[in-house]
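Letter by letter, the chains look like this.
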Amino acid sequence: MTEEEIVTYRKRLLELRKVLQGDASNLADQALRRETGPHLPMHMADLGTDTFDQEFALGLLQNEEAEIREIDEALERISDGSFGHCESCSHPIPASRLEAIPYARLCMQCKQKEEEEARHR
Ligand SMILES: [Zn+2]
């Protein structure tokens, strides 16, 4: 991987992180506001919707926090020079995969193997 490619991926990761972080804090605000809001729902229907929205927001939040962690780890790998190599077999991860998921840790084969093992666990 060239210096130029590294710079591009680094920039993309930082941008993605910024977007996710903005979203995550919005979602956290929403979820917290609902929890501590002064208006108690009057009807069971309202209660249901509120609970659903809150769970939905918190679920998204967890995904985004996990994604931000992955991005941070990818940025660390850029610093230590291991970025773009599969963590399992250490072969280079194809550019097409990094284009889609710039924080990918595994090559396609190892990712599939990991998913397969997770299914059989
Ligand atoms: Zn691999």
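Residues numbered from 1 in each chain as written. Predicted model: local features only at pLDDT ≥ 70, side-chain atom pairs only at ≥ 80, totals over all residues. Heavy atoms only, no water.

Caption draft 1: Representation of the packing of aromatic side chains in the model. For the structure shown, the criterion picks out one aromatic pair. Relative to Phe83, the ring of Tyr9 has its centre 5.5 Å away and its plane inclined at 55°; by these criteria the two rings are tilted. Residue Tyr9 is found in helix 1 (residues 3-36), and its partner Phe83 is found in the loop between helix 2 (44-80) and helix 3 (95-100); the two are separated by 74 residues along the sequence. The pair formed by Tyr9 and Phe83 is uniform in burial state, with each residue classed as buried. (Phe/Tyr/Trp six-rings, centres within 6.5 Å; stacked < 30°, edge-to-face > 60°. Helix = DSSP H or I, 4+ residues; strand = E, 2+ residues; numbered from the N terminus. Buried < 20%, exposed > 50% of the residue type's maximum accessible area, 1.4 Å probe, protein only.)

Caption draft 2: Region of the structure containing the coordination of the zinc ion. Those protein atoms acting as donors to the zinc ion are Cys86 (SG), Cys89 (SG), Cys107 (SG) and Cys110 (SG), and they sit at 2.2 to 2.4 Å. Each of the four donor atoms bound to the zinc ion contributes to angles spanning 105 to 114°, and the resulting shape is tetrahedral. Counting residues between consecutive donors of the zinc ion along the chain gives the motif C-x2-C-x17-C-x2-C. Cys89 sits in the partly exposed class, given a relative accessible area of 27%. (Donors = N, O, S within 2.8 Å, 3.2 Å for Na, K, Ca; no water. Tetrahedral: all angles 85-135°; square planar, octahedral: opposite > 155°, others 65-115°.)

Caption draft 3: Just the pattern of salt bridges, in detail. Taken as a whole, this structure holds eight salt bridges when the rule is applied. Asp72 is paired through a salt bridge with Arg17; the nearest N and O atoms lie 2.5 Å apart. Taken together, the residues Asp72 in helix 2 and Arg17 in helix 1 connect sequence positions 55 residues apart. Classification of Asp72 by relative accessible area gives partly exposed; the value is 28%. Using a relative accessible area of 18% as the deciding quantity, one classes Arg17 as buried. When the shortest N-O distance is used, the salt bridge between Lys111 and Glu115 registers 3.8 Å. Linking Lys111 with Glu115, this pair stays in helix 4 (residues 108-120), spanning four residues, or about one helical turn. One connected set of salt bridges, linked through shared partners, spans Glu70, Arg77, Glu87 and Arg105. (Salt bridge = Lys/Arg side-chain N within 4 Å of Asp/Glu carboxyl O.)

Caption draft 4: Region of the structure containing the nonpolar core. The biggest cluster of nonpolar side chains holds 17 residues, and the ones touching the most others in it are Leu13, Ile71, Phe83, Cys86 and Leu98. Contributing elements (two or more residues each) for this core: helix 1 and helix 2. Three or more residues apiece are contributed to this core by two domains, here domain 1 (1-83) and domain 2 (84-121). Beyond its immediate stretch of four places on either side in the chain, Leu98 contacts Met1, Tyr9, Arg12, Phe83, Gly84, Ile93 and Ala104. The next biggest cluster of nonpolar side chains, apart from the first, holds five residues, and it includes Leu27, Ala31, Ala57 and Leu61. (Core = buried A, V, L, I, M, F, W, Y, C linked by side-chain atoms within 4.5 Å. Domains from an automatic or database assignment. Contact = heavy atoms within 4.5 Å.)

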